[in-house]
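The primary structure of each chain is shown beneath.
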Amino acid sequence: MSEQPTIEVRNLRTHFFTKAGVVKAVDDVSFSVGKGRILGLVGESGSGKSVTGFSIMGLVDPPGRVAGGEILFQGRDLAKLSEEEMRKIRGARIAMIFQDPMMTLNPVLRIDTQMIETVLAHDKVSEAEARKRARAALVQVGIPSPDERLKAYPHQFSGGMRQRVAIAIALLHKPELIIADEPTTALDVTIQGQILFEVQKLCRESGTSLIWITHDLSVVAGLADEICVMYASRIVEKGTVDEVLDHPLHPYTRGLIGSVPSRNVRGRPLAQIPGMTPSLLNLPPGCAFRARCPRASEACLVEPEMTAPLPNREVRCFHPHLETVAA
Amino acid sequence: MTAEAEIGRRARVADSTAPMIELRGVSKQFRKTLDLAGRIAQRLGANVREEVVHAVDNVDLAVKQGEVVGLVGESGCGKSTLGRMVAGILPASSGTILWKGQDVKTLPPEQAKAAKLAIQMIFQDPYASLNPRLRVDRIIGEAPLVHGLVTQGEFDAYLAQQMRRAGLDPAFKRRYPHQFSGGQRQRIGIARALAVQPEFIVCDEAVAALDVSIQAQILNLFMDLRRDLNLTYLFISHDLGVVEHLSDRVVIMYLGRIVEEAPAEDVFASPNHPYTQALLTGVPRIDSRKRAFSAVRGEIPSPLNPPSGCHFHPRCPHAMARCREEAPKLKAIAPGRRSACHLNDGAA
Ligand SMILES: Nc1ncnc2c1ncn2[C@@H]1O[C@H](COP(=O)(O)OP(=O)(O)OP(=O)(O)O)[C@@H](O)[C@H]1O
Ligand SMILES: Nc1ncnc2c1ncn2[C@@H]1O[C@H](COP(=O)(O)OP(=O)(O)OP(=O)(O)O)[C@@H](O)[C@H]1O
Ligand code: SF4
Ligand code: SF4
Ligand SMILES: [Mg+2]
Ligand SMILES: [Mg+2]
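Criteria and cut-off values
- Residues numbered from 1 in each chain as written.
- Chains lettered and ligands numbered in written order.
- Predicted model: local features only at pLDDT ≥ 70, side-chain atom pairs only at ≥ 80, totals over all residues.
- Heavy atoms only, no water.
- Contact = heavy atoms within 4.5 Å.
- Buried area = accessible area lost by both parts, 1.4 Å probe.
- Salt bridge = Lys/Arg side-chain N within 4 Å of Asp/Glu carboxyl O.
- Helix = DSSP H or I, 4+ residues; strand = E, 2+ residues; numbered from the N terminus.
- Nonpolar A, V, L, I, M, F, W, Y, C, P; charged D, E, K, R; others polar.
- Pairing = 2+ DSSP bridges.
- Axes fitted to C-alpha atoms, helices over the stretch in contact; angles between N-to-C directions.
- Near = heavy atom within 4 Å.
- Polar contact = N/O pair within 3.5 Å; in protein donor to acceptor, adjacent residues only side chain to side chain.
- Donors = N, O, S within 2.8 Å, 3.2 Å for Na, K, Ca; no water.
- Buried < 20%, exposed > 50% of the residue type's maximum accessible area, 1.4 Å probe, protein only.

Student: Mind showing me how you'd approach the interface of chain B and chain A here?
Tutor: In many analyses, interface size is given as the accessible surface area lost on bringing the parts together. Across the boundary between the two partners, chain B contributes 66 residues, which contact 70 residues of chain A. Note on chain B versus chain A: buried area summed over both sides is about 5400 Å², and carbon and sulfur give 55% of it. On the chain B side of the contact with chain A, B:His245, B:Ile286 and B:Phe293 bury the most area, a combined 14% of that side's loss. Linking chain B with chain A are zero salt bridges, by the criterion used here. Of all the secondary-structure elements, those providing two or more residues to the side of chain B that touches chain A are helix H8 (182-195), helix H9 (212-229), helix H10 (240-246) and helix H11 (264-269) of chain B. Among the elements that make up the side of chain B that touches chain A, the one with the highest residue count is H9(B) (nine residues). Of the residues assigned to the side of chain B that touches chain A, the class counts are 25 nonpolar, 21 polar and 20 charged.

This is the structure:
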């Protein structure tokens with residue numbers, strides 16, 4: 001426990017100052033990931049998961065900016081680094097696999113050009129050596145015929161292959177922290193297994209820490225040590241994978257787990273959380289989940305704080321489902 | 001009844017029972033022609049050849065009105081390519097595609113236009129398929145307006161309805177695609193496809209970027225539309241839980257070919273093809289924790305250079321000598337079930 005975490009995010013706030021108003025995409029988010037550990041970041045679509053990742057990478061574009069908090073990477077606050085210092089870290093020591101592979105890939109450049117450039121940006125090796133590393137990385141993510149594929153352009157790949165190339169690029173420098181944003185959503189189970197295998201190996205052997213953003217609870221279940229659940233820009237629940245998936249405390253987490261198709265009867269309507277995601281532009285006062293929550297009460301008109309009702313568990317709710325844990 | 005009238009009547013009957021969409025022997029190849037250096041090297045006897053990807057290889061497939069057909073298979077096996085041909089966005093290299101019994105290549109212009117509107121596709125890659133310079137109101141609303149599905153006066157209400165139905169806040173209608181989250185972008189694509197009131201929808205990983213609660217909302221919407229409007233779906237997904245939940249029939253592809261086709265219950269209860277069996281055992285479950293994931297066994301074959309005979313033989317635990325030489329045909333193994341594996345030929 002005394003070891004310094006690889007990344008520690010404290011009270012992060014990232015806001016977009018749009019014409020229509022301030023979008024508080026990330027609001028008071030805190031978590032940390034130790035060496036070789038895997039954190040699963042799950043939650044509602046639009047709740048701020050990707051923006052949390054962009055904030056760590058220093059890639060929030062205007063009109064957005066980090067409006068508060070600290071992002072400690074091995075104790076150094078990334079939010080205070082210059083763009084020049086950040087460039088040295090980005091890609092080499094912290095890498096992000098973007099939700100959209102075309103954010104990593106340049107459509108007009110061949111894959112080999114892009115991968116070799118990435119290697120040479122941080123390592124002084126020969127071009128031949130860089131090519132060898134690029135080829136090996138493609139094999140790692142299960143791309144057959146790597147020599148031919150290196151010479152191809154992104155549009156000549158299938159959706160899942162593009163995603164794998166983006167993953168291969170993130171793995172090139174064996175970074176200390178990888179932020180993976182929905183990296184396996186478009187992959188079938190065999191290839192997904194191959195990638196999760198490589199990722200687990202990297203964490204075990206190189207001590208790489210991982211933030212795995214996903215909506216796929218079954219992947220988180222198999223991969224992560226801890227889970228943070230986000231709803232409307234905030235973390236609403238935090239704990240170990242077993243605790244959170246087996247005994248969810250927050251009503252939103254419970255609703256989420258209940259919607260998994262394999263937990264529903266085939267062909268029947270899927271259980272869904274009633275109502276719509278609130279607009280981040282004008283969140284109602286009090287708990288953001290109130291309008292959709294079966295447990296809401298008068299008390300919920302006040303904004304709930306993160307509390308720790310049980311050892312190693314945190315939840316942002318006035319009426320957590322403690323009854324399921326007691327059993 | 002005159003002979004002519006009889007023929008006309010038969011044609012109409014045939015029409016009404018014809019599948020909504022039918023593919024006969026459809027293939028698609030992508031060629032990478034050699035550049036000048038390559039051609040010279042080839043002349044000089046170097047071992048360079050034109051690269052051909054057999055993305056889709058001789059596929060027969062029919063989808064009836066009101067049916068939901070799930071299409072699954074390994075990444076890169078040709079699902080999106082097949083979907084794009086069905087949606088009329090990509091021409092087939094060979095074979096015939098029939099829309100309501102008529103060859104799409106010979107449809108008169110009016111009908112071709114109607115078919116184009118009636119078949120919509122929700123794309124795998126929402127970012128690449130949304131014009132970054134257009135605001136959401138135009139992305140979703142332009143086609144319905146142009147095709148007269150809605151008048152200028154009703155436009156705002158119609159747009160709001162379409163956005164809300166896909167779980168998007170109409171207050172965001174003046175935003176550009178990059179101002180949305182990944183899942184919100186996917187819903188823009190869904191709203192755009194549904195806004196033109198299609199009859200047939202090709203969903204290419206349409207819910208992959210959505211958290212399960214919004215996914216449930218969209219899947220329930222798809223099922224409601226099917227019940228109320230008799231919509232037909234080709235549902236491409238790698239998420240077997242979703243496919244099982246939604247589909248009547250499941251088609252499994254491997255390296256450009258269909259290897260199995262069966263009613264959904266049967267595939268999940270008793271998969272026939274060894275690839276299907278492998279696929280089903282790999283499914284991650286929310287109940288399995290801290291799994292040790294394993295690497296793919298055997299080499300992943302390349303569509304640039306597919307294995308001889310049965311494409312699956314390098315990875316198949318049951319492969320026999322025959323499998324290396326002869327490609328198994330897709331054959332009926334039970335009513336409504338087809339599979340392409342030599343093991344089905346009895347004692348082999
Ligand atoms: N450039 C921008 N301008 C205004 N709002 C933005 C911008 N980028 C993101 N947002 C908003 O910030 C919120 C958080 O977005 P983010 O991409 O982090 O969501 P997410 O949790 O990753 O969702 P998903 O699972 O759908 O990818 C969203 O509501 C989104 O609409
Ligand atoms: N425009 C193109 N030019 C060259 N090759 C292409 C092109 N489009 C697709 N391919 C190739 O065709 C094959 C099938 O691609 P397709 O996109 O249909 O796969 P998919 O089954 O949808 O895979 P995924 O699950 O990864 O999306 C792949 O090998 C791909 O590289
Ligand atoms: S604080 Fe109240 S409204 Fe919010 S999740 Fe808990 S019970 Fe529901
Ligand atoms: S034909 Fe042979 S190699 Fe192919 S799936 Fe059947 S047993 Fe396996
Ligand atoms: Mg995201
Ligand atoms: Mg695809």
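Student: How do you make sense of the sheet that holds strand E2 (residues 21-33) of chain A when you look at a structure like this?
Tutor: Strand pairs in the sheet, formed through backbone hydrogen bonds, run parallel or antiparallel to each other. Residues and elements named next belong to chain A. Taken together, four strands build an open sheet; the order of strands is E2-E1-E4-E5 and the sheet is antiparallel. Each of the sheet's edge strands pairs with one partner strand only, and the pair in question is E2 and strand E5 (76-77). As defined by bridge partners, strand E1 (residues 7-18) adjoins strand E4 (residues 64-73) across eight bridges and the pair is classed as antiparallel. What sits directly across from Arg10, in E4, is Glu70. Against the sheet, helix H1 (residues 49-57) touches E1, E2 and E4, its axis set at about 105 degrees to E1.

Student: For this particular structure, what's the right way to read the site of ligand 1?
Tutor: If you check the shell around ligand 1, you find 19 residues, and the closest are A:Ser45, A:Gly46, A:Ser50, B:Ser181 and B:Gly183. The residues that come close to ligand 1 belong to more than one chain, namely chains A and B. Between ligand 1 and the protein, one listed contact pairs an oxygen atom with a backbone N or O atom of A:Ser47 at 3.2 Å. Take A:Gly48: an N or O atom from its main chain is 2.9 Å from an oxygen atom of ligand 1.

Student: Explain the site of ligand 3 here, please?
Tutor: Taken together, the neighbourhood of ligand 3 is formed by A:His250, A:Pro251, A:Cys287, A:Phe289, A:Arg290, A:Cys293, A:Arg295, A:Ala296, A:Cys300, A:Cys317, A:Phe318 and A:His319. Residues belonging to the shell around ligand 3 are distributed by class as follows: eight nonpolar, two polar and two charged.

Student: Looking at this structure, I do not really get the coordination of the magnesium ion (ligand 5). What am I missing?
Tutor: Tetrahedral coordination by four donors places them ideally at 109.5 degrees to one another around the metal; octahedral coordination by six donors ideally gives 90 or 180 degrees. Around the magnesium ion (ligand 5), the donor atoms from the protein are A:Ser50 (OG) and A:Gln99 (OE1), and they sit 2.0 to 2.3 Å away. Of the two residues, A:Ser50 is situated in helix H1 and A:Gln99 in the loop between strand E6 (94-97) and helix H3 (111-122); the sequence distance between them amounts to 49 residues.

Student: Got a minute to help me understand the pairing of strand E10 (residues 257-263) of chain B in this structure?
Tutor: The side chains of a regular strand alternate between both faces of the sheet. All names here are of chain B. Here E10 lies mainly inside the structure; five of its seven residues are buried. For strand E9 (residues 249-254) and E10, the ladder comprises six bridges, and the chain directions are antiparallel. Within E10, the residue paired with Val251 across the bridge is Glu261. Linkage of E9 to E10, two consecutive antiparallel strands, is achieved through a turn of two residues, within which Leu255 is found at a positive phi near 45 degrees.

Student: How should the coordination of the magnesium ion (ligand 6) be read in this particular structure?
Tutor: Residues and elements named next belong to chain B. The protein atoms donating to the magnesium ion (ligand 6) are Ser80 (OG) and Gln124 (OE1), with metal-donor distances spanning 1.9 to 2.2 Å. With a gap of 44 residues between them, Ser80 in helix H3 (residues 79-86) and Gln124 in the loop between strand E6 (119-122) and helix H5 (126-129) connect regions that are remote in the sequence. Among the residues examined, Ser80 registers a relative accessible area of 19% and is labelled buried.

Student: Any chance you could explain the sheet that holds strand E12 (residues 313-315) of chain A here in plain terms?
Tutor: Residue and element names in this part refer to chain A. Strand order in the open sheet formed by eight strands is E6-E7-E8-E3-E9-E10-E12-E11, and the pairing between neighbours is mixed. Two strands close off the open sheet at either side, each with one partner strand: E6 and strand E11 (307-310). Across the sheet, the axes of successive neighbouring strands diverge by a mean angle of 20 degrees, strand direction being ignored. Relative to E12, strand E10 (residues 234-240) is paired through two bridges, and the arrangement is antiparallel. Pairing of Lys238 across the sheet is with Glu314, part of E12.

Student: I keep staring at the pattern of salt bridges and nothing clicks. Help me out?
Tutor: Once their charged atoms are close, side chains differing in charge can pair, the charge on each being opposite to the other. Residues and elements named next belong to chain A. By the definition in use, this model includes 39 salt bridges over all chains. Asp27 is paired through a salt bridge with Arg234; the nearest N and O atoms lie 2.8 Å apart. Here Asp27 is found in strand E2, whereas its partner Arg234 is found in strand E10, with 207 residues between them in sequence. Of the residues examined, Asp27 reaches a relative accessible area of 9% and is grouped as buried. Put simply, Arg292 and Glu44 hold a salt bridge, and the shortest N to O gap is 3.1 Å. With a gap of 248 residues between them, Arg292 in the loop between helix H10 (251-258) and E11 and Glu44 in the loop between strand E3 (38-43) and H1 connect regions that are remote in the sequence. One network of salt bridges, in which partners are shared, links Arg13, Asp27, Arg234 and Glu303.

Student: Explain helix H7 (residues 155-165) of chain B to me, please; I cannot follow it from the model alone.
Tutor: Because each turn of an α-helix spans 3.6 residues, side chains separated by three or four positions in sequence point in the same direction. All names here are of chain B. Every buried residue of H7 is listed here: Phe155, Tyr158, Leu159, Ala160, Gln162 and Met163. On its buried side, H7 packs onto helix H6 (136-146) and H8. Downstream of H7 by one or two residues, Gly167 has phi in the positive range, about 80 degrees.

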